[in-house]
Every structure is written in structure tokens, then in C-alpha cells.
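A look at the structure
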Amino acid sequence: MKLGYIGLGKMGVGMVEQLLEKRYSLVLFDKDQKAAEQEMWKGATMAQSLWNVIEMLERPRLIWLMVPHAAVDDVLKDIIPLLHEGDTIIDGGNSFYKDSQRRYKELAERDIHFLDAGVSGGPRGAREGACVMVGGNEEDYKKYEHLFRDIAAERAYAYMGPAGAGHFVKMVHNGIEYGMMQSLAEGFEVLKKAPYSLNLSEIARLYNERSVIESRLVGWLKEAYKTYGEDLTEVSGSVGQTGEGMWTVQTAKELSIPVSAIETSLAFRNQSATHPSYTGKVLSALRNTFGGHDIKSL
């Protein structure tokens with residue numbers, strides 16, 4: 001199967017390497033030509049431009065976008081005039097679901113297919129098998145189901161519904177993630193300041209041995225303590241964000257649904273820019289461990 005792949009960031013590189021191992025034929029483009037060159041030596045073909053990606057694919061073309069949500073419209077603006085009826089675009093980034101609904105309609109007017117795929121698991125998941133949530137026309141999903149199966153961990157992909165549904169489910173997933181991380185970070189600040197000399201790394205390990213809160217997040221916190229030490233001295237107490245928590249809160253308000261845990265965790269991240277704390281350090285360390293996000297700056 002031949003696939004155009006645009007965007008070789010932390011997630012894109014891992015997914016590309018996984019697909020190459022599964023004998024996909026890939027045409028790659030990224031503004032950072034060095035990233036594409038590295039994958040070229042592993043069997044991919046490097047395109048010199050977005051136009052070149054389209055030129056090197058046979059019709060009907062399949063193109064996967066793995067770029068920041070703010071860049072999707074710019075990429076589409078460049079490639080849509082080059083596409084033909086029956087071509088398919090998959091947006092695998094963290095786009096807002098309403099934008100995905102709009103893009104689906106705009107592309108449908110040109111008889112170009114569009115699927116929105118929410119991908120969870122961070123760079124490690126992209127490389128070893130992610131969790132994939134897909135929205136769009138169900139027939140289009142079925143046509144490329146083998147692709148979603150190949151990039152996902154076992155049983156970790158599914159069709160969510162019409163256009164935007166994949167990104168909607170991923171948006172809520174990330175909102176829940178905000179709340180879970182917040183409670184974990186707050187709890188470990190309480191443990192750190194307790195009237196005992198507690199081994200936080202050992203507690204993280206113990207919590208992840210059949211306790212009610214056993215989770216990948218707790219496991220990643222143990223990894224973070226091993227990497228940065230329990231004081232997290234090198235880690236920023238101000239926490240970055242990429243927007244999905246904010247979208248979840250906004251959508252919940254539109255639906256008149258209270259999401260106090262997610263809303264509080266979002267407010268904490270906003271306030272942490274001027275009020276860094278140990279809780280913020282735990283959040284930053286977690287984001288770095290599972291997502292490769294910068295630990296030193298917003």
C-alpha cells in the first residue's frame with residue numbers, strides 16, 4: 001500500500017517507522033528535510049514539496065496528515081487543488097472536531113474523502129501501537145481499516161461515527177487526561193509534604209501494583225521520578241497545554257454539562273504560568289514522559 005505522509009514530528013516519526021516495518025510504501029514530506037532524510041534511509045521516499053507528494057502518488061491517493069491542528073488548513077489549501085475525485089485525506093492530529101466537520105464538507109464538495117483519526121499513546125504508542133479513534137464516512141473507514149489496524153495496538157482502534165466523531169472522542173479523552181493527571185499530581189504533592197520521609201518513586205510503583213488507581217499514568221510518574229529525581233529540580237512548575245482540555249470545557253458548556261474536575265485542571269495549567277508549584281512539576285514531568293513535551297518551558 002502506498003501512502004503519502006505529511007508531518008514528521010514526535011508522533012509522525014514513530015508511526016512512519018512502524019509502517020515501514022509493515023512494508024508500506026511511504027512518500028514523506030516535512031518542512032524539516034533532515035527528518036524526512038532520516039526515514040529515507042529506512043526505506044521511505046522523500047518528497048521535496050507538498051506538490052511533490054501528490055505527484056508521486058498514484059490515484060486514488062491516500063494522504064495522512066500528522067501536523068499541528070493550526071497548520072491543517074494551510075496544508076489543505078496547498079494540496080487540495082492538486083487532488084482528484086476519489087482521493088482520501090486522513091487527519092491524524094489533534095484537530096478540533098468542528099473543524100473536522102467543516103473540512104469533511106468542504107472536501108466532499110470536490111468528491112475528496114476525509115477521515116478524522118484521533119491518535120492516543122504519545123510517541124511510544126505511535127511507534128509500538130497506538131489507540132486510534134476514527135470518524136467520517138463508514139465506507140471510507142472500512143476501505144482503510146487495515147491501515148488503522150496496522151498502526152494500532154491489539155484491539156485498539158474503532159470507528160466512532162460521522163465526520164468529527166473521531167476527533168470529538170479524542171478531545172474528551174484528553175480532557176479526562178487533564179483531570180486524571182491533576183489529581184495524581186496534587187496527591188503526590190501531599191505525599192511529598194507529609195510528616196514522613198516517603199519514597200515517592202516506591203509509592204508510584206506500589207500504586208501500580210493492583211491498586212484501584214493502577215494506570216499507565218502512575219507508571220509514567222515512576223519513570224519520571226527515576227529520570228529527574230523526586231524533587232523534579234530540572235522540571236518546570238509551569239505546565240504547557242495543547243488545547244484539547246480547553247475544547248472539552250467549551251464543548252461541555254455548550255451541552256450544559258458540568259465538568260468541574262476538567263475545568264479546574266485547565267484553570268490550574270493557565271495559572272501555573274505565574275504560579276509554578278510542585279504539582280505543576282509533576283504534571284510537566286508526566287507530559288514529558290509520555291508525550292515528549294518540553295519540561296522547561298510552556
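Residues numbered from 1 in each chain as written. Predicted model: local features only at pLDDT ≥ 70, side-chain atom pairs only at ≥ 80, totals over all residues. Heavy atoms only, no water.

An unreviewed UniProt entry lists the chain under the name 6-phosphogluconate dehydrogenase (Decarboxylating), with Candidatus Ryanbacteria bacterium RIFCSPHIGHO2_01_FULL_45_22 given as the organism. On record in UniProt, under Sequence similarities (unreviewed entry), the comment for the chain is "Belongs to the 6-phosphogluconate dehydrogenase family." (UniProt positions renumbered as here; feature names shortened; annotations may be inferred.)

**Overview of the domain arrangement of the chain**
The domain boundaries assigned to the chain delineate domain 1 (2–162) and domain 2 (170–291). Computed over C-alpha atoms, the centres of domain 1 and domain 2 are 30 Å apart. Domain 1 puts 15 residues into the contact, and the matching count from domain 2 is 14 residues. In this structure, the connection of domain 1 to domain 2 is made through two salt bridges. Across the salt bridge formed by Arg-124 and Glu-223, the nearest N and O atoms sit 3.2 Å from each other. Between domain 1 and domain 2 we count five residue pairs in polar contact (both at pLDDT 80 or more) in total. Within the residue set of the side of domain 1 that touches domain 2, elements represented by two or more residues are α5 (97–108), β6 (113–120) and α6 (122–128). Broken down by class, the residue content of the side of domain 1 that touches domain 2 amounts to five nonpolar, seven polar and three charged. (Domains from an automatic or database assignment. Contact = heavy atoms within 4.5 Å. Salt bridge = Lys/Arg side-chain N within 4 Å of Asp/Glu carboxyl O. Polar contact = N/O pair within 3.5 Å; in protein donor to acceptor, adjacent residues only side chain to side chain. Helix = DSSP H or I, 4+ residues; strand = E, 2+ residues; numbered from the N terminus. Nonpolar A, V, L, I, M, F, W, Y, C, P; charged D, E, K, R; others polar.)

**Remarks on the UniProt feature "domain: 6-phosphogluconate dehydrogenase C-terminal" (unreviewed entry) in the chain**
Residues annotated in UniProt with the feature "domain: 6-phosphogluconate dehydrogenase C-terminal" (unreviewed entry) correspond here to residues 166–296. Helix and strand shares over residues 166–296 are 65% and 0% respectively, and the end C-alpha atoms of the span are 31 Å apart.

**Regarding the sheet that holds strand β8 (residues 152–161)**
Across the sheet, which stays open at both edges, the eight strands sit in the order β3-β2-β1-β4-β5-β6-β7-β8 with mixed pairing between neighbours. Edge strands, defined here as strands with exactly one partner in the open sheet, are β3 (45–46) and β8. Two strands pair when backbone bridges link them, and strand β5 (residues 88–91) and β6 are joined in this way by four bridges, in the parallel orientation. Bridge pairing links Ile-90 to Leu-115 in β6. The sheet contacts of α5 involve β5 and β6, and relative to β6 the element is tilted by about 155°. Helix α9 (residues 165–192) contacts β5, β6, β7 (130–136) and β8 of the sheet and is inclined by roughly 20° relative to β6. (Pairing = 2+ DSSP bridges. Axes fitted to C-alpha atoms, helices over the stretch in contact; angles between N-to-C directions.)

**Focus: the side chain of Arg-287**
Of note, Arg-287 is situated in helix α14 (residues 278–291). Buried charged residue Arg-287 carries no salt bridge. Nearest counter-charge: Glu-177, at 6.3 Å. Once you skip the residues sitting within four places of it in the chain, Arg-287 turns out to touch Met-181, Val-239, Gly-240, Gln-241, Thr-242, Arg-269, Gly-292 and His-293. (Buried < 20%, exposed > 50% of the residue type's maximum accessible area, 1.4 Å probe, protein only. Lys, Arg positive; Asp, Glu negative; His and termini not counted.)

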